[in-house]
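The residues making up each chain are set out below.
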Amino acid sequence: MSLLWLLLMICAFSGDSGGGGGPGGFIRTAAAEHVRELEVSEGVPIGHQIGFIGEFVHDDSGDSGPPYLIVPVPGSAVDTDLAIDHTTGEIRTKVALDRENRSSYSLVAIPLSGENVRVVVRVLDENDNAPSFPTPVMSIEFPENTPRDVKRTLNPARDADLGRYNTQRYNIVSGNVNNAFRLSSHRERDGVLYLDLQINGFLDRETTPAYSLVVEALDGGSPPLRGQMTVNITIQDVNDNQPIFNQSRYFATVPENATLGTTVLQVYATDQDAGENGQVEYAINRRQSDKEQMFRIDPATGLISVNKPLDFETRELHELVVVAKDRGMQPLETTAFVSIRVTDVNDNQPIINVIFLSDDATPKISESAQPGEFVARISVNDPDSRTEYSNVNVTLSGGEGHFGLTTRDNIIYLVIVSLPLDREIKPNYTLSVIATDTGNPPLHAAKDIFLTVTDINDNAPEFEKDVYHANVMEVADPGTSVIQVTAVDRDEGNNSAIVYSLLDTPDTHSHWFQIDSHSGLITTRAHIDCETDPVPQLIVMAQDNGRPPLSSTGTVLVTIHDVNDNEPIFDQSFYNVSVAENESKGRCILKVGGRDCTAPYTKTIDRLVLAKPWPVASMIYAN
């Protein structure tokens, strides 16, 4: 049937095409198109009749009525959403229409003759959408000192419906404690009703730290549709509260022998602010109190404890000004007064005072000090006693019996020498003075004295050997090292500084030698001669720099080794003898003598050589 209908339409158009575009032609009809507008509410049931294409068509409209060739406008969803009967021109819904998805449908209806009809079906809005917020929950913050009427923009609700069915107003449903907030709205060109939250009163975080407002949006329907959003409001803290002590004045007692760190009492303050604005720190106002810092306070806990030793006799009552301050950017503070009373106890040890009686008041004594000589003066007092000098028992220990203690009145004590001293045996002594008061229980005090025994020049230098032996060649040049002697002095300082020298004695040849005064090195000063003195004996003196100086001597035997540096010498330079001409052969006619000084002892002449003239001879026999 549809195919037959299509062929009839093609024939009709073809048969009229030769009319040059007259009233019955396709082109003329297309050029004189009419518009047919229909309306239908969204949400009507499927199959609801919208209307007829040719309804209310006038005779002069050019619409010959059904049947129609239906040509949907591309993309208008006519085929899927609408049911069109081309034989009657009736239009019905095929699906449930939704204006928010599609607000109109367009198609072209072509009758057998007459002008084309462009049909527009408009979907009318119904209140089928409630206002909707983009998020169900929104969080914002306000400082608690925010002024009245300050705004925060909230996410607006959007309604897909139009006109009066769109969002019309907002309300706070719940959570607005003390009417602290109000809403304001304004509509802009995009049709959205924008929403602001305004401060309506005064905020106080310490009273109400947070709000949870339920905000609803209503459209203009009857009854209106609603949408809701929860607005969580956090009130931010500002430092508007100072710390408050739980007491304006505190009282405490502490014994004077309380050890350092002993807790006296604890102060406590609170701050209603939050975070660092509510964190309390404690301090002692040192300008107004406790300048000596006898007490200290824990900044975090407020515990006051002993910082320095207390003394009832010096000060019985301590008044402290304690400050509690928060940690805000601009901190707030408050003060409280603390009275601490020190109670008396027998906690003072005797105090030992020592004055040394040396020339420069230092702890020293000369080793020449005789028994009974004073070393130091000792006085003892007890702070618990009201008298200048207390009845205190004093004893002395140490010193190996070389020192003792004497007193006449049990008030002033003198340290004296008991036995002779020798610095070279023991240069230092440690003495201990112990003082015991008469308290119950008694308290003790001790003081150590480190005593130095000073030196006197009571020891002469001592050579390592009594006799030194040295060897040197007879041909040694001046400056040749012979031997180095060493002496030691048990004294100290200048008393032990040694200077060496050679003693000039008549029976030695000390002028042949010299000695370095500091090192003790003996060297030759001039040429030496074994034939003159083969073993010269030197006397070396070592003398210290004490006042008066002390000295000792040592002997050095120097053996000079000989070299052959002398000719033999006749006893006489000329001999005269007469010989008888008939003297028998072999008879001695003359005896000559000579010696050689090269050796320590005179050598005999080994042989005699006769020459012409005969210069020397030992014995001459007749030939």
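Scroll up a little and you will see the structure.
Conventions used here
- Residues numbered from 1 in each chain as written.
- Predicted model: local features only at pLDDT ≥ 70, side-chain atom pairs only at ≥ 80, totals over all residues.
- Heavy atoms only, no water.
- Helix = DSSP H or I, 4+ residues; strand = E, 2+ residues; numbered from the N terminus.
- Buried < 20%, exposed > 50% of the residue type's maximum accessible area, 1.4 Å probe, protein only.
- Contact = heavy atoms within 4.5 Å.
- Areas by Shrake-Rupley, 256 points an atom, 1.4 Å probe, with all protein chains shown as cover.
- Phe/Tyr/Trp six-rings, centres within 6.5 Å; stacked < 30°, edge-to-face > 60°.
- Lys NZ or Arg CZ within 6 Å of the ring centre and 35° of its normal.
- Core = buried A, V, L, I, M, F, W, Y, C linked by side-chain atoms within 4.5 Å.
- Salt bridge = Lys/Arg side-chain N within 4 Å of Asp/Glu carboxyl O.
- Pairing = 2+ DSSP bridges.
- Axes fitted to C-alpha atoms, helices over the stretch in contact; angles between N-to-C directions.

Engineer: Quick question: what am I supposed to make of the overall build of the protein chain here?
Structural biologist: A count of helices and strands for the protein chain gives three helices and 44 strands. Among the 623 residues that make up the protein chain, the fraction classed as buried is 37%. Restricting to contacts in the protein chain with at least 6 residues of sequence separation, those with at least 24 account for 66%. Just so you have it, the protein chain exposes about 35,200 Å², and 51% of that area is on carbon and sulfur atoms.

Engineer: Teacher, can you tell me more about the packing of aromatic side chains here?
Structural biologist: Aromatic ring pairs are described here by two measures, namely the spacing of the ring centres and the angle between the planes. Inspection of every chain in the model, using the stated rule, returns eight aromatic pairs. Summarising the aromatic geometry, the rings of F245 and Y250 are spaced 6.3 Å apart at their centres and angled 75° between planes, so their arrangement reads as edge-to-face. Residue F245 is classed as buried on the basis of its relative accessible area of 11%. An aromatic cluster of at least three residues, connected via ring pairs, comprises F142, F181 and Y211. Sitting over the face of the ring of Y429, K426 holds its NZ or CZ atom 5.4 Å from the ring centroid.

Engineer: Explain the nonpolar core to me, please; I cannot follow it from the model alone.
Structural biologist: The nonpolar side chains of a soluble globular protein tend to be buried with one another. Among the nonpolar cores identified, the biggest contains 25 residues, and F245, V267, F295, I304 and V338 are the most heavily contacted of them. Those elements giving two or more residues to this core turn out to be β16 (249-255), β17 (263-266), β19 (280-284), β20 (295-297), β21 (303-306), β22 (317-326) and β23 (333-343). Among the elements that line this core, the one with the most residues is β23, at four residues. Within the second largest apolar cluster, 24 residues are counted, among which are I352, I365, V380 and V392.

Engineer: Would you mind going over the pattern of salt bridges with me for this structure?
Structural biologist: Should their charged atoms come close, side chains of opposite charge can pair. In the structure shown here, the tally under the stated rule is 19 salt bridges. Of the charged contacts, one joins R286 and D290 as a salt bridge, the two residues approaching to 2.5 Å between their closest N and O atoms. The shortest N-O distance in the salt bridge between R423 and D455 comes to 3.1 Å. Linking R423 in the loop between β29 (412-417) and β30 (428-436) with D455 in the loop between β31 (444-454) and β32 (462-463), this pair joins segments that are 32 residues apart in sequence. According to the relative accessible area criterion, D455 is buried, its value standing at 16%.

Engineer: Which parts of the structure should I look at to understand unusual backbone geometry?
Structural biologist: Among all residues except glycine, the phi angle is most often negative; among peptide bonds, the trans geometry is most common. With an omega of 0°, the peptide bond running from S222 to P223 counts as cis. Structurally, the position occupied by P223 is in the loop between β13 (210-219) and β14 (226-236). Backbone torsion omega between R547 and P548 reads 0°, so that peptide bond is classified as cis. Secondary-structure assignment places P548 in the loop between β39 (537-544) and β40 (551-561). The phi dihedral of D149 is positive, around 75°, even though this residue is not glycine. Counting through the fold element by element, D149 comes out in the loop between β8 (137-143) and β9 (151-154). For D149, a relative accessible area of 38% translates into the label partly exposed.

Engineer: Even after reading the chapter, I still don't get the environment of I352, so can you show me in this structure?
Structural biologist: Assignment of secondary structure puts I352 in strand β24 (residues 351-356). Considering only alpha carbons, one finds I352 and A435, 83 residues apart in sequence, at a separation of 7.3 Å. Setting aside chain neighbours within four positions, we find I352 in contact with I378, S379, V380, V433, A435, A445, A446 and K447.

Engineer: Help me understand the sheet that holds strand β1 (residues 34-41) in this model?
Structural biologist: Sheet strands line up and pair through hydrogen bonds in the backbone, either parallel or antiparallel. Across the sheet, four strands lie side by side as β1-β7-β6-β3; this open sheet has mixed pairing. The open sheet has two edge strands, β1 and β3 (68-72), and neither has a second partner. Between one strand and the next, the sheet's axes are offset by a mean angle of 25°, whatever the strand orientation. Note: β3 against strand β6 (residues 104-111), five bridges, orientation antiparallel. Across the sheet, the residue bridging to V71 is V108, located in β6.

Engineer: What exactly am I supposed to notice about the sheet that holds strand β26 (residues 374-381) here?
Structural biologist: Spatially, the four strands line up as an open sheet ordered β24-β26-β29-β28, and their pairing is antiparallel. At either end of the open sheet lies a strand with only one pairing partner, and these are β24 and β28 (403-407). Each strand axis lies, on average, 25° off the axis of its neighbour in the sheet, ignoring direction. Two elements, β24 and β26, share six bridges in a ladder whose sense is antiparallel. Bridging from a neighbouring strand, F356 pairs with A376 of β26.

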